Amino acid sequence: MWNKIKSVSKEKLFVPLVFLVSFIYFAAFRYFMIPAGDDYFWGGAQGKYLLLHGFYGPQATYGGSSNGRFLGNTMEILSMHSITVATISYGVFFTLLLWAMWRLAGKSISSLLLSLAFIFTLQGAFINNVLAWNAGFVNYVPPIALILTYLVIVEYGQKKDLHWSFALLTLFIGSVAGLFTETLNLGQICLAILIMLYFRKKTKLYHVTYFIGTLISAAVMFLHPSYHEKSTYRLTTFDSAEIWRLYKIMTHYWLISFNLILLVAILLAIITLTLKSDFSKFQKMLIAGISAVFLLYYAAITVYFRKYPKDNMFSFNSAVFPNKVAVIDSVMSLLLIVFIGYCIFLFYKTDAKMWLYFLMTGIVSGQLLFVASPVNSRGYFAAYVFMYLIATRFVIDAFSKIKIVNWVLLVAVIFMSVSFQSMIQKDYQVNLERVSNSQFYNGKTGLTKHVPYRQFVGTNDLLNQQNTTYWKHYVEEGNYHLPIKQIIDVLK
């Protein structure tokens, strides 16, 4: 009994300490992050204009920046004017995301380590477009963190009756989580409906209020006048040939093929679970064999990809990359999605969470198939989060009893966390040296040198994406960011 009490006490101290360290880690990471591209747009006169005009401006001047992403835009502006807002918001929402993933994965040591390992599994496109770019972070991390927090509340509510205040909390979450991106705005409505359908007659007030909140956020966003004007920036397509072309040359890579670490983890876990199961010998050979084929294919195609450099959008040049290979890889990605769904049916037939993650991956990705412009990798970040939750369940069930796995994960997390932090700090120092040239910050010459780790700077550190005015203030004043109390005066 005494040992059990001590164990519970250690957990109550250890877990909060881990997430406190996580917050500090991400806050420090954000402190050294180099702004790029859109960050300067929102931090400058254009952002001020849009803020004062309800984020609505002439399409010819503001393009897709005239939109209903009220909270994402506001957070971008505030974080570009205050390092305090920037570091705290970055630390809070990334830590909230990892905390929710840990809770949903079972609150074990294995799930804790896998949650902490999440950012270190990200492909280069997600690192560049979400992790290491403020403009990407503000629109894609907070909403998925809030949505997963709602799922934590739903799961918690299955174990005990919740106070009525949770209904207000979920109303708030639903109302704000949709004001960052259009995809997750619609995605969370679908999630709310799926959860109410699952509970049916057992639906609770906090399920309903979340749904109401999602409708409120959808109304607020899509009543924005920019969505009712013709735009050359936001284009959709219902042409099946065009949808297939975009999937083939771009989107399937971000959704499936470039996520090698995730694919290897899922497939190895499926093989292990299959061999440990009571399936017939033929069924074991079939499932394990198919998994092995996928495993070998993605290992081989990853090596093949190295022959073709990616562009600054982390995609291949379709004029150079062999069309036949693109077609084969696209078909393989679709087959893998079907296979993972089949394995969920085999191992987790009655697990509502696994089916929800699988469906939400499709709901998020499915919307993006109809987007003709702009097409980018960061839209698939939320789908990756749901895929990671699927992978976490497979991996925990397959390997959690093998103690060395947790030790390997712990060492990997420590090593990668130090590695990521050292890379972004090295970039920060090199960048400070290159922008401290008075010829640059006075606008007389452009940058000629890249930072050592380009994927840790937004827009892949394109040299024309740095702002001379920003760095002139930064170099001459020591820090361009303002105290929070001065931000409103600056933006008036």
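Quick caveat: nothing in here was measured; it's all calculated off a predicted structure.

## Overview of the overall build of the protein
Part 1: Helix and strand content of the protein: 22 helices and 2 strands.
Part 2: Compactness check: the protein gives a C-alpha radius of gyration of 23 Å against a globular reference of 23 Å for 492 residues, within 12% of the reference.
Part 3: Overall size of the protein, expressed as C-alpha extent along the three principal axes, is 75 × 60 × 50 Å.
Part 4: Sequence-distant contacts in the protein: of pairs separated by 6 or more residues, those separated by 24 or more amount to 78%.

## Regarding the domain arrangement of the protein
Part 1: Domain annotation of the protein identifies domain 1 (232-401) and domain 2 (425-491).
Part 2: Computed from C-alpha coordinates alone, the two centres of domain 1 and domain 2 are separated by 37 Å.

## So, the packing of helix α7 (residues 109-116) against helix α19 (residues 403-435)
Part 1: Contact geometry of α7 with α19 gives a least axis separation of 10 Å together with a crossing angle of 30°. In terms of orientation, α7 and α19 fall into the roughly parallel class. Here α7 and α19 pass one another in a crossing that is left-handed. Residues I109, S110, L113, L114 and L116 of α7 form the contact with α19, whose own contacting residues are N406, L409, L410 and V413.

## Observations concerning unusual backbone geometry
Outside of glycine, negative phi angles account for most residues, and trans bonds account for most peptide bonds.
Part 1: Following S373, the chain continues into P374 via a peptide bond in cis, with omega recorded as -5°.
Part 2: Note on placement: P374 falls in the loop between β2 (371-373) and α18 (381-399).
Part 3: A positive phi angle, close to 45°, is found at R200, a residue other than glycine.
Part 4: You can see R200 is positioned in the loop between α11 (182-199) and α12 (205-222).
Part 5: One non-glycine residue, D461, lies in positive phi territory at about 55°.
Part 6: With respect to the helices and strands, D461 occurs in the loop between α20 (438-441) and α21 (468-477).
Part 7: A relative accessible area of 0% means that D461 is categorised as buried.

## Focus: the pattern of salt bridges
Should the charged atoms of two oppositely charged side chains come close, the side chains can pair.
Part 1: Using the criterion set out here, one finds 6 salt bridges in the structure.
Part 2: Notably, a salt bridge pairs E155 with K353, separated by 2.5 Å at the nearest N-O pair. Here K353 lies in helix α17 (residues 352-368) and E155 lies in helix α9 (residues 134-157), a separation of 198 residues in the sequence.
Part 3: Between R393 and D351 there is a salt bridge whose closest N-O contact spans 2.2 Å.

## Digging into the layout of surface pockets
Part 1: In this structure, the largest pocket encloses a volume near 1,200 Å³.
Part 2: Lining the largest pocket are 48 residues, with R69, E182, Y233, P374 and N376 positioned closest to its centre.
Part 3: Looking at the lining of the largest pocket, the elements with two or more residues in it are α2 (38-43), α5 (70-81), α8 (124-131), α9, α11, β1 (235-236), α17 and β2.
Part 4: Ranked by residues supplied to the lining of the largest pocket, first place goes to α9 with 4 residues.
Part 5: Considering only residue class, the lining of the largest pocket consists of 21 nonpolar, 21 polar and 6 charged.
Part 6: Lining the lining of the largest pocket are residues from two domains, each supplying at least three of them: domain 1 (232-401) and domain 2 (425-491).

## Looking at α21
Part 1: Within the sequence span of α21, burial applies to Y470, W471 and Y474. Down the axis of α21, the buried side of the element spans an arc of 85°, and every buried residue falls inside it.
Part 2: At its buried positions, α21 is contacted by α2, α5, α19 and α20.

## Some remarks on the nonpolar core
Part 1: The biggest cluster of nonpolar side chains holds 145 residues, and the ones touching the most others in it are L97, F118, L148, L151, F381, F386 and F394.
Part 2: The greatest single-element share of this core, amounting to 16 residues, is contributed by α18.
Part 3: Taken domain by domain, the makeup of this core includes at least three residues from each of domain 1 (232-401) and domain 2 (425-491).
Part 4: Beyond its immediate chain neighbours, meaning those up to four positions away, F394 contacts I266, A269, I270, L273, C343, I344, F347, Y348 and M354.
Part 5: In terms of nonpolar packing, the next biggest core, distinct from the first, is built from 6 residues, F41, L50, F55 and I77 among them.

## A look at the packing of aromatic side chains
Part 1: All told, the structure shown has 56 aromatic pairs when counted by the stated rule.
Part 2: Each ring, one from F19 and one from W102, has its centre 5.6 Å from the other, and the planes form 55°; the classification is tilted. Of this pair, F19 sits in helix α1 (residues 2-31) while W102 sits in helix α6 (residues 83-104), placing them 83 residues apart in sequence. Neither residue differs from the other here; F19 and W102 are each classed as buried.
Part 3: Judged by centre distance (5.0 Å) and plane angle (55°), the rings of Y90 and F94 are tilted. Of this pair, Y90 and F94 both sit in helix α6, 4 residues apart, which is roughly one turn of that helix.
Part 4: Given a relative accessible area of 0%, Y90 falls into the buried group.
Part 5: Residue classification places F94 among the buried residues on the basis of a relative accessible area of 0%.
Part 6: Taking the ring centre of F258 as reference, the NZ or CZ of K310 above it sits at 4.8 Å.

The rules behind each value
Residues numbered from 1 in each chain as written. Predicted model: local features only at pLDDT ≥ 70, side-chain atom pairs only at ≥ 80, totals over all residues. Heavy atoms only, no water. Helix = DSSP H or I, 4+ residues; strand = E, 2+ residues; numbered from the N terminus. Rg over C-alpha atoms; globule rule 2.2 N^0.38 Å. Contact = heavy atoms within 4.5 Å. Domains from an automatic or database assignment. Axes fitted to C-alpha atoms, helices over the stretch in contact; angles between N-to-C directions. Parallel < 35°, antiparallel > 145°, perpendicular 65-115°, else oblique. Left-handed = near helix turned anticlockwise from the far one by under 90°. Buried < 20%, exposed > 50% of the residue type's maximum accessible area, 1.4 Å probe, protein only. Salt bridge = Lys/Arg side-chain N within 4 Å of Asp/Glu carboxyl O. 1 Å grid on protein atoms, 1.4 Å probe; cavity = no way out; pocket = protein on both sides within 12 Å on 5 of 7 lines; lining within 4 Å. Points joined across faces, edges and corners; volume = space filled by probe spheres on them. Nonpolar A, V, L, I, M, F, W, Y, C, P; charged D, E, K, R; others polar. Arc of directions from axis to C-beta. Core = buried A, V, L, I, M, F, W, Y, C linked by side-chain atoms within 4.5 Å. Phe/Tyr/Trp six-rings, centres within 6.5 Å; stacked < 30°, edge-to-face > 60°. Lys NZ or Arg CZ within 6 Å of the ring centre and 35° of its normal.

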